[in-house]
Amino acid sequence: MNKIVYFVRHGLIRSNEKDVYAGRSAEQLSKTGKERAEQLGREMRDWGIELIQTSPLKRTVQTARTYPQ
């Protein structure tokens, strides 16, 4: 059985908007980042995703949680 793996970058954070490297900061998604992540979650709804894995960073977890359950 073949599996498809999708790699998705976390949504936008304020540092990204200012073109500043954030590293492993605990920064959360910006308003724009939340909106884009939610849009992606809606688009991916019918993709048959079985598992989502993230790093422990807040912004990655926030992005993953936009996927409808």
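To be clear, the structure that these remarks concern was listed above.
A brief structural summary. Nothing here was measured: the structure is a model prediction, and the numbers come from that model.

What counts, and where the lines are drawn
Residues numbered from 1 in each chain as written. Predicted model: local features only at pLDDT ≥ 70, side-chain atom pairs only at ≥ 80, totals over all residues. Heavy atoms only, no water. Helix = DSSP H or I, 4+ residues; strand = E, 2+ residues; numbered from the N terminus. Buried < 20%, exposed > 50% of the residue type's maximum accessible area, 1.4 Å probe, protein only. Lys, Arg positive; Asp, Glu negative; His and termini not counted. Salt bridge = Lys/Arg side-chain N within 4 Å of Asp/Glu carboxyl O. Polar contact = N/O pair within 3.5 Å; in protein donor to acceptor, adjacent residues only side chain to side chain. Patch = residues over 30% accessible without salt bridge, like charges linked within 9 Å, V, L, I, M, F, W, Y side chains within 5 Å. Areas by Shrake-Rupley, 256 points an atom, 1.4 Å probe, with all protein chains shown as cover. Expected span 1.5 Å × (residues − 1). Arc of directions from axis to C-beta. Contact = heavy atoms within 4.5 Å. Phe/Tyr/Trp six-rings, centres within 6.5 Å; stacked < 30°, edge-to-face > 60°.

With that out of the way, let us pick up the side chain of R59. Assignment of secondary structure puts R59 in helix 3 (residues 58-64). We note that R59 is buried and unpaired, the nearest opposite charge coming from E27 at a distance of 5.2 Å. A polar contact of 2.5 Å, which involves the side chain of R59, links it to the backbone oxygen of G23.

So, on to a nonpolar patch on the surface. The grouping of I4, Y6, V8 and W47 at the surface amounts to a nonpolar patch, some 420 Å² of accessible area in total. One can find W47 in the loop between helix 2 (31-43) and helix 3.

Of note in the backbone geometry, D19 takes a positive phi value of approximately 60° without being a glycine. Position of D19 among the secondary structure elements: in the loop between helix 1 (14-17) and helix 2.

This part covers helix 2. Over its 13 residues, helix 2 runs 19 Å from end to end, which matches the ideal 18 Å to within 8%, given 1.5 Å per residue. Taken together, the buried positions of helix 2 are G33, A37 and G41. Down the axis of helix 2, the buried side of the element spans an arc of 70°, and every buried residue falls inside it. In helix 2, the exposed residues that point more than 90 degrees away from the buried face are K31 and R36. In this structure, the buried side of helix 2 is in contact with helix 3.

It is worth spelling out the pattern of salt bridges at this point. Applying the stated criterion to the full structure yields one salt bridge. One salt bridge connects K3 with E50, and the closest N-O pair in it is separated by 3.0 Å. Residue K3 is found in the segment before helix 1, and its partner E50 is found in the loop between helix 2 and helix 3; the two are separated by 47 residues along the sequence. When sorted by exposure, K3 lands in the same class as E50, which is exposed.

What follows concerns the packing of aromatic side chains. The tally for this structure, following the rule as stated, stands at one aromatic pair. Both rings, one in Y6 and one in W47, keep their centres 4.8 Å apart while their planes meet at 35°; by these two values the pair is tilted. Residue Y6 is found in the segment before helix 1, and its partner W47 is found in the loop between helix 2 and helix 3; the two are separated by 41 residues along the sequence. A relative accessible area of 39% means that W47 is categorised as partly exposed.

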